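# Coordinate analysis (summary)
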Amino acid sequence: GQSLEQPSEVTAVEGAIVQINCTYQTSGFYGLSWYQQHDGGAPTFLSYNALDGLEETGRFSSFLSRSDSYGYLLLQELQMKDSASYFCAGPGSNYQLIWGAGTKLIIKP
Amino acid sequence: NAGVMQNPRHLVRRRGQEARLRCSPMKGHSHVYWYRQLPEEGLKFMVYLQKENIIDESGMPKERFSAEFPKEGPSILRIQQVVRGDSAAYFCASSPPSGLNEQFFGPGTRLTVL
């Protein structure tokens, strides 16, 4: 079947760096997306990796290794406002996006 | 440029009633996706539509649920004879034809079934 696995919860300290991993099992996989969702809010797009390697956008970076079926989201200089759930998602074989269950990021002062 | 719009934001229904959720995609977007989310859970894909076409409805329950995206007007997710288990947040997202991987989400409709 098609699935994406990510940790349910990660805890970090304000100002630190945190990495959220995502492993996947899908057929016809064409890249990995990351979304952020604050409590009570809607998901917002963060990044998309179509090719292997690291993509950097400000404090957030995303990495993909298609040979390892693995990717991660890296958040640097953590701020309290980064407390949210983070979802990885990838295109399935039926024109739809398959989503991981989400990682809740808890940031402590 | 207005984002994805959904209404109503909150909807309360009694068991057995019908719920109609509306979604207007971003201007220029022709692809619409509906998702359901339970508290503390991830997004569950329901259906993917283009104008006047259902492309993929593999995530839709076989009964009571239907979706449409007419030539004119918003996309509609319709739930007939609602039950308590239908209580959830329903999100709509849209993307341009080339942008499956970057979807823009509406604020969601919180459905509560009493």
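The structure reproduced in this document is the subject of the present report. In this text the structure is predicted, and so the values were computed from the model without any measurement. (Residues numbered from 1 in each chain as written. Chains lettered and ligands numbered in written order. Predicted model: local features only at pLDDT ≥ 70, side-chain atom pairs only at ≥ 80, totals over all residues. Heavy atoms only, no water.)

### Details of the state of the cysteines
All names here are of chain A. With the rule as written, the count across this model stands at two disulfides over all chains. With its sulfur 2.1 Å from that of its partner, cysteine 22 forms a disulfide with cysteine 88. Residues cysteine 22 and cysteine 88 share a disulfide whose torsion about the S-S bond is about 75°; that sign makes it right-handed. Placement of cysteine 22 in strand S3 (residues 18–25) and of cysteine 88 in strand S9 (residues 84–91) is noted, with a sequence separation of 66 residues between them. (Disulfide = S-S within 2.5 Å. Helix = DSSP H or I, 4+ residues; strand = E, 2+ residues; numbered from the N terminus.)

### Considerations on the pairing of S9 of chain A
All names here are of chain A. Judged by how many residues are buried, S9 sits mostly within the fold: eight of eight residues are covered. On S9, burial covers both faces: Ala84, Tyr86, Cys88 and Gly90 on one face and Ser85, Phe87, Ala89 and Pro91 on the other are all buried. One ladder, built from five bridges, connects strand S4 (residues 32–37) with S9; its direction is antiparallel. Within the sheet, the bridge partner assigned to glutamine 37 lies in S9 and is serine 85. Relative to strand S11 (residues 103–108), S9 runs antiparallel, the two being bridged by three bridges. From the neighbouring strand, alanine 84 faces S11, where its bridge partner is leucine 105. With three bridges joining them, S9 and strand S10 (residues 97–99) adopt antiparallel strand pairing. (Buried < 20%, exposed > 50% of the residue type's maximum accessible area, 1.4 Å probe, protein only. Pairing = 2+ DSSP bridges.)

### A look at the layout of surface pockets
What the largest pocket holds in volume is close to 430 Å³. Taken together, 22 residues form the lining of the largest pocket, with Asp39 of chain A together with Gln37, Pro39, Glu40 and Glu41 of chain B sitting closest to its centre. Mapped by element, the contributors of at least two residues to the lining of the largest pocket are S9 and S11 of chain A together with strand S9 (88–95) of chain B. No other element matches S9 of chain B, which puts three residues into the lining of the largest pocket. Of the residues that constitute the lining of the largest pocket, the class distribution is seven nonpolar, nine polar and six charged. Roughly 170 Å³ of internal volume is contained in the second largest pocket. The wall of the second largest pocket is formed by Gln96, Leu97, Ile98, Trp99, Gly100 and Ala101 of chain A together with Gly42, Leu43, Lys44 and Phe45 of chain B. For the lining of the second largest pocket, the secondary-structure elements that each account for two or more residues are S10 of chain A together with strand S5 (43–50) of chain B. Split by residue class, the lining of the second largest pocket holds six nonpolar, three polar and one charged. (1 Å grid on protein atoms, 1.4 Å probe; cavity = no way out; pocket = protein on both sides within 12 Å on 5 of 7 lines; lining within 4 Å. Points joined across faces, edges and corners; volume = space filled by probe spheres on them. Nonpolar A, V, L, I, M, F, W, Y, C, P; charged D, E, K, R; others polar.)

### Here we look at the sheet that holds strand S1 (residues 3–5) of chain A
Residue and element names in this part refer to chain A. Read across the open sheet, the five strands follow the order S1-S3-S8-S7-S6; overall the sheet is antiparallel. Two strands in the sheet have a free side with no partner beyond their single neighbour: S1 and strand S6 (53–57). Mean inter-strand twist for the sheet, computed between neighbouring axes without regard to direction, equals 20°. Of the strand pairs in this sheet, S6 and strand S7 (residues 60–65) are connected by five bridges, and their pairing is antiparallel. Within the sheet, the bridge partner assigned to threonine 57 lies in S7 and is phenylalanine 60. (Axes fitted to C-alpha atoms, helices over the stretch in contact; angles between N-to-C directions.)

Coordinates in, geometry out; function isn't part of it.
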